[in-house]
Structure formats: C-alpha cells, structure tokens
Amino acid sequence: MNAPAAAPKRRRSQSSAVKLLTPRQICRGHLRFGWISLGCFCLLGIFLETLHGFKIEWYLSEAMTARRGCWLAAHASGTCFSLLHIVFAMTVVYLTDWRPKSRLATSYSLYSASVLIPAGFLLAGWFLRDAKPGMGMGLVLAAALLLLSVLLATATNTMRQRAAAS
Amino acid sequence: MDWELIVYLLVAGFALLPLLVRLPDASLAVKLTTVVVVIISLGVAILLPPRSTRPARADLNDPAVPIKHLVPPIVLGQGYVSSHTCRSCHPREHASWHQTYHRTMTQLPTPETVLASFDDIHLKSRGREFHLTRQGDQFWVTMPSPDWEHLRQENQEDPLSGDPMTTRRRVVMMTGSHHFQAYWVRIDRGNDMSQLPWVWDIKEQEWLPAEDVFIRPPDGGRRLQVWNDNCVACHALNGRDRSADELFTEVTELGISCEACHGPGQDHVEHYRNPLARYQAYGAELKDTKIVNPAKCSATVSSQICGSCHSAGRKKYFLDENADHHNQGQRYRPGDDLEETLHLFRFGDTEAESLNETVAKSAFWQDGTLRVGGREYLAMIESPCYADASEDRRMSCLSCHSMHHSDPNDQLSQRMDGNHACLQCHQKFEKQIAEHTHHAADSSGSKCYNCHMPHTSYALLKAIRSHRVEVPSAAVSAAKDKPNGCNQCHLDKTLQWTADYLKKWYQIETGPLSSEQQAESATLTLLLRGDAAERAISAWTCGWPAAQKTSQSVGLVPALAQLLNDPYTAVRRLAFQALRSMKEFEDLQFDFVGSEQHRKDIQAEVMLRWERLRGTIPRQSWSALLLDDEGKLQLDRYLELLKRRDDQPVEFPE
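Residues numbered from 1 in each chain as written. Chains lettered and ligands numbered in written order. Predicted model: local features only at pLDDT ≥ 70, side-chain atom pairs only at ≥ 80, totals over all residues. Heavy atoms only, no water.

Caption draft 1: Just the interface of chain A and chain B, in detail. Between chain A and chain B, the contact holds 39 residues from the first and 43 residues from the second. Both faces considered, chain A and chain B share a buried interface measuring about 3500 Å² in area, 64% of it formed by carbon and sulfur atoms. Summed over the three residues of chain A that lose the most area to chain B, namely Lys55, Arg129 and Met135 of chain A, the buried surface amounts to 20% of that side. At the boundary of chain A and chain B, one finds one salt bridge. Where chain A touches chain B, the interface holds seven residue pairs in polar contact (both at pLDDT 80 or more). Mapped by element, the contributors of at least two residues to the side of chain A that touches chain B are helix 1 (2-19), helix 2 (23-53), helix 3 (57-60), helix 4 (65-92), helix 5 (100-126) and helix 6 (137-165) of chain A. For the side of chain A that touches chain B, the class distribution of residues is 18 nonpolar, 11 polar and 10 charged. (Contact = heavy atoms within 4.5 Å. Buried area = accessible area lost by both parts, 1.4 Å probe. Salt bridge = Lys/Arg side-chain N within 4 Å of Asp/Glu carboxyl O. Polar contact = N/O pair within 3.5 Å; in protein donor to acceptor, adjacent residues only side chain to side chain. Helix = DSSP H or I, 4+ residues; strand = E, 2+ residues; numbered from the N terminus. Nonpolar A, V, L, I, M, F, W, Y, C, P; charged D, E, K, R; others polar.)

Have a look at this one:
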C-alpha cells in the first residue's frame, strides 16, 4: 500500500532535479536572450526610423500620436530589458546562495516580463481605441508586477549573499 | 472576430506559459505574483469594452453615443489626406495655421472648445423656450423639436406657429470661434444638423437670438439653417454626400484646413514620402507640380483660392441634372479658374436677383461696391489695384493677408496692418505721407486704409473695411448714399465740407450738392434716413475710436437714441454699442430684443443724459448736427428726416 504512494514523490523529486538549472546555465540563457533581443530591438528602432523617413501616415499623423508613443515605449523598454538580462546574467552567477527554485522562478519571471511589456506596448499601439492605446496596456500593467517581483527577489538575494560572504 | 483579443491572449499565454509550468515548484510569493498577473491580464481582456462601431442609426438622446457617431464622419479620399499628414513635414506651417480662426471654424464640442455658458441657462425668444445644461463634458439643450420645425418649413408653414413638442438634444458641433459661436444639434434626417437659434457673443459673453444678430427684414420668422446644406462647402474640407441618393454627409476634416487652399495633397505626399525625392527638392528651384502653393501662384489664381469661399455665387453645375454635385462635393480645386465652376454674383446680376432680389440688392452699394463682409473677393476684384494692373503687379489677397505667421484676428501678414501694405507698390508716398494726406503723419488721417478702404462693409454686428480700394468721393456719397472715409472720421461734417477739401487738396470735383448735403452732417442724415445697412454702418462709425477722437460724436447721440427703437434689431444693438463706447453712457443697460416700452424708456434716459451733455458740443457744429441757435435739437428737421427713412427691406448674406 505504501509503495505506490511513495513513487510519485520520488518521481517529482527526480523531475525537479533534472529541470533545475545551474547558475551558469541560467546565466548563459539570459546572456543569449539579452544579446539577441538587443539586436531585435535595434532592428525595431531602425524600422521606426524608416517609418519616419518615408513619412508613413499611419505612424506619423496626429491621430496616431498614441501609436508613436506606444511603439517608442516598446522600443525603449525592450532595449532596457535586453540590458537587464545581461546584468541579471552577471548577477545570477555571483549569487550562489540563492535558492535554486526561487532563482529559476525569478529567471522565468524576467523572461515573461521582457516579452509582455514590449509586446504589450506594441499591441496597444497597433490596436488603437479612439486614438488611445488599446488592450495591450493590460499586459504592460500585469508585467510590471512581474518585473517588480524580479527586482525585489534579486535585491533580497544580493543582500543575503553579502551577509553570507561577510 | 476580435483580432486584438486573440493576439492579446496569445502573447500573454506565450510569455506566461514557462512560468505557469514551473508554478507547482515555486515559492508562495511567486505563486501569488503569477496569479495576480494572470488575473490582471484576463481582467483587462474581459472588462475592456469592445471597440465601438458606428451604429446604423444613432439615438439622438442617448448620452452614451460617442459624438463621432452623430456628426459627419471623417473620411479621407478623393486625393485629400488631411492636415495631420501635412504636419509631419511642415510643422511650422501647421503650427501657424493651427492658431487661426480658420482652423476653429467648425469644431466638436468639448469643455475647451465651447465658449458659451451652458450652466442651467434659460432662454426665450419668439415665444419659444430653451434650457441649456451641461452634463459632464456634454452640452444639452431642451428645446422645441427641431425636426418638427423643419417639417413645418418644408410644408411651407411657419415654424414659429403651432405647438411643437419639446425635445432634448445634444450639441454636436459648433461653428465660429472669433466673434460669435453657433451651436448645432442633430435632426432626424440623414446626419443633418440644425442650428440652435441662439449664438454666443464671445466679446460680450452673452447669448443672442440668432435671428436678431443678422441684418434681415424685421418681420422675418425663424431662420432654420442646416449645416450639411450650406456651411459644409466652406466650413469643412471636402464635404460631400456619401452617395447621390443618400442624405449622409462625409468630410475629410472639420474646419478650413491646409488642403482648402493647397488642394488635395495625396500626390504631393506620395511623391515626397521617398526621402530621395525630398532631398532632391531641397534647394531646387523647380515648381512643385504635385500641389498648389498660393504664395507662388499668380495674383489672379491665388485670389481665386480665397474667393472660392470669400465670394458669393452659384455653382455652375448646381442646376445640371446630370451633375452628381452632392456626391462629389465642391468641384473647384485650388489652382483652377474659379469662374469655370462658379457664377459670381456681381452688382446687378440678374440671376442673383431672380434667386433672392432682397439679398442681391442689399449686398451692394448703388455704385457697385460690395457692402457685405466675408465676400471680400467680390470687392477686391473691382479695385483698380487688381482690375487695372498687369498680372505681375496685380494686388492679391496675399498682398496683405497670409494664413501663416500672421495675426489671427485679420490674418494680416507682418507689417500689413499699417501703411506698409500700400507702400509696397506706392513707394512714392513713403517720404511724403503728410503732404499727400494733409493730416499729421502719425494720425489716423494718414493711414492709407482709413481713406481708401473705409468701413463701408458690414457683417456680424460691425462695420468692416471695404476691400474695393478706391479714392474718396463726395459725388458717390451724394448720389448713392455710400459713406466715405472723410465723413466716417469727421462725423459732424457735411458732404459739402468733404467736397470742398477734396477739391482743394486733390482737385476732385464733386458737382452740385443738395441743401441737405451742403448743411447737414453726412453721418447724421444716414443715421436717420438711410436704409438698414446705412444706419447700421453709420451707427458703428459713431463708436469707432478714430472717429470719436476726431469729432464730436456726442452730437449724434439723439440719432443713436432714435436707433435704439429701430425696426432692425441689429441696428438697435449697434446703436447701443456706439452709445456705450462713449464714457458718458458706458453704464447704460439695454436689451435690444426687449419690449418696445423698455426701448422707449432707455431712449428717454439717453435723451435726458444728453440734455446735460449738449453744452459740450462746439458751436460751429450745431447747425450740421441739427441743433438750433440755442443748442437745442431741431425736432422738426429730425422728424422730417426720419419720415424719409428708407424702409426697403435689407437682408445681408452674412
């Protein structure tokens, strides 16, 4: 009767052990994501400049002020997130005392926020509502919470690490 | 299918999935945060109202209906791109146009654009009551049903008779933002809008009955106006009906915007969208054939661009049964020959007289000079500076006015509010202005336009400078009762006095004058025996600061008091304004649409005050101002002139 009950616990434990990434693996993932997304948002910047260059009405007209604002915010936030990934990657290898599960959740939260905030701005600018930003702003709002949790978790563990070191 | 929602959910799912998969292993804080994030994401998707779409038939009384569904929709097309597009390449020009009253000619109501008070205002005119209220950012009027009134008018019945049901309508549009602001409500016919029969006097900050602001025969009833029928042509860009058989107006832009003067901009925009084309154009002297620039057109063409709205006439294709004129809107495009599509109503035009004899005859002085404001092109083309000049030296509207970098008040270009406007061509007078005018160089008598462009036009409760540039003539004044620049300043002088000086200074012969013209103030006689337009313009002149500084306007107070009970409400208002401009009467209270008894009471009060003032009138002016040897009013002569008052109906197409 006991054996079947214990088996799932072991499997789950094995599963977690397999999927928990080391700090170096997490670092490598964030570096890869950071540099690639920096390239992507650089391309977005060039695209936006091209829209200016060719005087594209659906981007430059007065009625599209919200679109310009949103897409500019997408470009700026995306670029900042790219840099944040690189900084996070440098930080995570240093924070050896960070609990693996928490570290991985924070890492995924950062990935999610990095997709949601620029994508939310892009979406809000694409689907305007009466010349105002569209539904995408909801994603920005939600992802801001994720970003906050990432920053708090990282800051907390940075302090904990310093205490451990001392 | 709502693509926004689909993409939104896909993005949210894609971004949150890795986190959600890991959720069972995560700490409580991470779990909580993730749940909140998911709730916010889904909450926004669920709670955000769906994108609004234009209903087939908007409920006119529903405050929830967005205003854009009640007014003519903005639709690009027919080569028009709207001023928003122009701004991205021409921000300075856009900014200078943006501050003009042309832009704000037609606007949607917002707390910023509505200049009138709607704070629980009760108005009554011609037996009809109106209650104006504000509901948040919306402006509402409880009023006699405009649908009922329009129906009565269509059935050739008086809209003011009968008992209409009361309805509540939302103000959906305004016209004007400079002198008056008019308000429009929807009627249940296509997307037609009817004017609220009240206008807001911006300077005086008060509501005035619309029928009483304009010069029109006193017995005129309700004047129902439909924006979509008349105003749309000049007060919006590219206004037209959506289809030939549907009463549904569409516009490219509300107000008078870039393409009203520059023509449709699509070709220009498409050409210069290419950065290479833009850089090629920099520094190139080649004329841009893709768009019209009035500043680079000939004087004739550029003036016609202004004249397409600042004139009066019949569209030549209007009576052509095959012409789909509603669907196509205005056929004239900037750069075209205006008279190919517009039959201009000049002085004595038989067609204009056959359409409305009163209006056609009212619009001109009997010497052929236009006397109604807003149609200045018809006056300007009669000026020698235009008609007698070669094309390269011809005066145009742009000689003095500009839509860019100019004073929004009169759209006068820099330095064009003084003699420089005329000295551009007539340089020889620059150094000898006092010798030419025989007035001090810095006085109002040495301002070219005071003599050559006197205030002999009228619109919107004020006199306006005539745009037919001409030499002052006592002969024309004598024969046609048209005021002249000399007597408009020298209010207490006779026509004979003017004739004598014109002969002495400029060798201009006048010919024999009547005893009245020899002995009595030219302005005074027009105030008493002129037609409604002459009385209105003369009354305004009495309040003109330059005239008050020059002459004894107090001597004209009895005549102005008489006009307080004039059959024309606009004349009463102008007489009151002239009186109030004198410091002795600045506290005068007068309701120009009040009861006859009220008007008579104020007349009596004015005369009582004048009795105390008449001692200040110089003795040499007594005779011309119809005062006897003791300085008392020659009542018999006053009444005699009054009896001769020209009561021919006057109606101004203002």
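Caption draft 2: Expanded view of the pairing of strand 5 (residues 166-175) of chain B. Residues and elements named next belong to chain B. Within strand 5, eight of the 10 residues are buried, which leaves the element mostly enclosed by the surrounding structure. In this structure, strand 4 (residues 138-144) lies alongside strand 5, joined through five bridges in antiparallel fashion. Bridge pairing in strand 5 links Met143 to Thr167. Pairing of strand 5 with strand 6 (residues 180-186) involves four bridges; the strand directions are antiparallel. Bridge pairing in strand 6 places Thr175 opposite Ala182. What sits between the antiparallel neighbours strand 5 and strand 6 is a turn of four residues, in which Gly176 has the positive phi angle 85°. (Buried < 20%, exposed > 50% of the residue type's maximum accessible area, 1.4 Å probe, protein only. Pairing = 2+ DSSP bridges.)

Caption draft 3: Structural detail: the environment of Arg28 of chain A. Residue and element names in this part refer to chain A. Along the polypeptide, Arg28 turns up in helix 2. For Arg28, a relative accessible area of 46% gives the class partly exposed. Each C-alpha atom of the pair Arg28 and Ile86 lies 9.4 Å from the other, and the pair is 58 residues apart in sequence.

Caption draft 4: Spatial organisation of the packing of helix 2 of chain A against helix 4 of chain A. Residues and elements named next belong to chain A. Packing of helix 2 against helix 4 brings their axes to within 8 Å, and their N-to-C directions diverge by 160°. In terms of their interaxial angle, helix 2 and helix 4 are classed as roughly antiparallel. As helix 2 runs across helix 4, the sense of the crossing is left-handed. (Axes fitted to C-alpha atoms, helices over the stretch in contact; angles between N-to-C directions. Parallel < 35°, antiparallel > 145°, perpendicular 65-115°, else oblique. Left-handed = near helix turned anticlockwise from the far one by under 90°.)

Caption draft 5: Fine view of a nonpolar patch on the surface. Together, Leu145, Leu148 and Leu152 of chain A together with Val36 of chain B make up an exposed nonpolar region whose accessible area comes to about 330 Å². Examining the composition of the nonpolar patch, we find that three residues originate from one element, helix 6 of chain A, more than from any other. The topology assignment puts Leu145 of chain A in helix 6. According to the relative accessible area criterion, Leu145 of chain A is partly exposed, its value standing at 30%. (Patch = residues over 30% accessible without salt bridge, like charges linked within 9 Å, V, L, I, M, F, W, Y side chains within 5 Å. Areas by Shrake-Rupley, 256 points an atom, 1.4 Å probe, with all protein chains shown as cover.)

Caption draft 6: Fine view of helix 2 of chain A. Between its first and last C-alpha, helix 2 of chain A extends 44 Å over 31 residues, near the 45 Å set by a 1.5 Å rise per residue. Here helix 2 of chain A has its buried residues at Ile26, Cys27, Gly29, His30, Gly34, Ser37, Phe41, Leu44, Gly45, Leu48, Leu51 and Gly53 of chain A. In this structure, the buried residues of helix 2 of chain A make contact with helix 3, helix 4 and helix 5 of chain A together with helix 10 (275-281) of chain B. Just downstream of helix 2 of chain A lies Lys55 of chain A, where phi reads positive at about 50°. (Expected span 1.5 Å × (residues − 1).)

Caption draft 7: How the structure looks around the pattern of salt bridges. Residue and element names in this part refer to chain B. On inspection of all chains with the given rule, the structure shows 37 salt bridges over all chains. In this structure, Lys361 engages Glu357 in a salt bridge whose closest nitrogen and oxygen atoms are separated by 2.8 Å. Of this pair, Lys361 and Glu357 both sit in helix 15 (residues 357-362), four residues apart, which is roughly one turn of the helix. According to the relative accessible area criterion, Lys361 is partly exposed, its value standing at 43%. Judged by relative accessible area, Glu357 falls into the partly exposed class, the value being 43%. Between Lys600 and Glu596 there is a salt bridge, with the nearest N and O atoms lying 3.7 Å from each other. Here the residue Lys600 and the residue Glu596 both occupy positions in helix 30 (residues 596-613), the gap between them amounting to four residues, near one helical turn.

Caption draft 8: View of unusual backbone geometry. Residue and element names in this part refer to chain B. A positive phi is found at Arg415, a non-glycine position, where the angle reads about 70°. Mapped onto the elements, Arg415 comes out in the loop between helix 17 (384-387) and helix 18 (420-423). Positive phi is not limited to glycine here, since Asp481 has a value of about 60°. Relative to the helices and strands, Asp481 is located in the loop between helix 21 (474-480) and helix 22 (485-489).

Caption draft 9: Local environment of the pairing of strand 11 (residues 246-250) of chain B. Residues and elements named next belong to chain B. Relative to strand 11, strand 10 (residues 240-243) runs antiparallel, the two sharing three bridges. Opposite Arg240, over in strand 11, you have Glu250 as the bridge partner. The turn linking strand 10 back onto strand 11 is made up of two residues.

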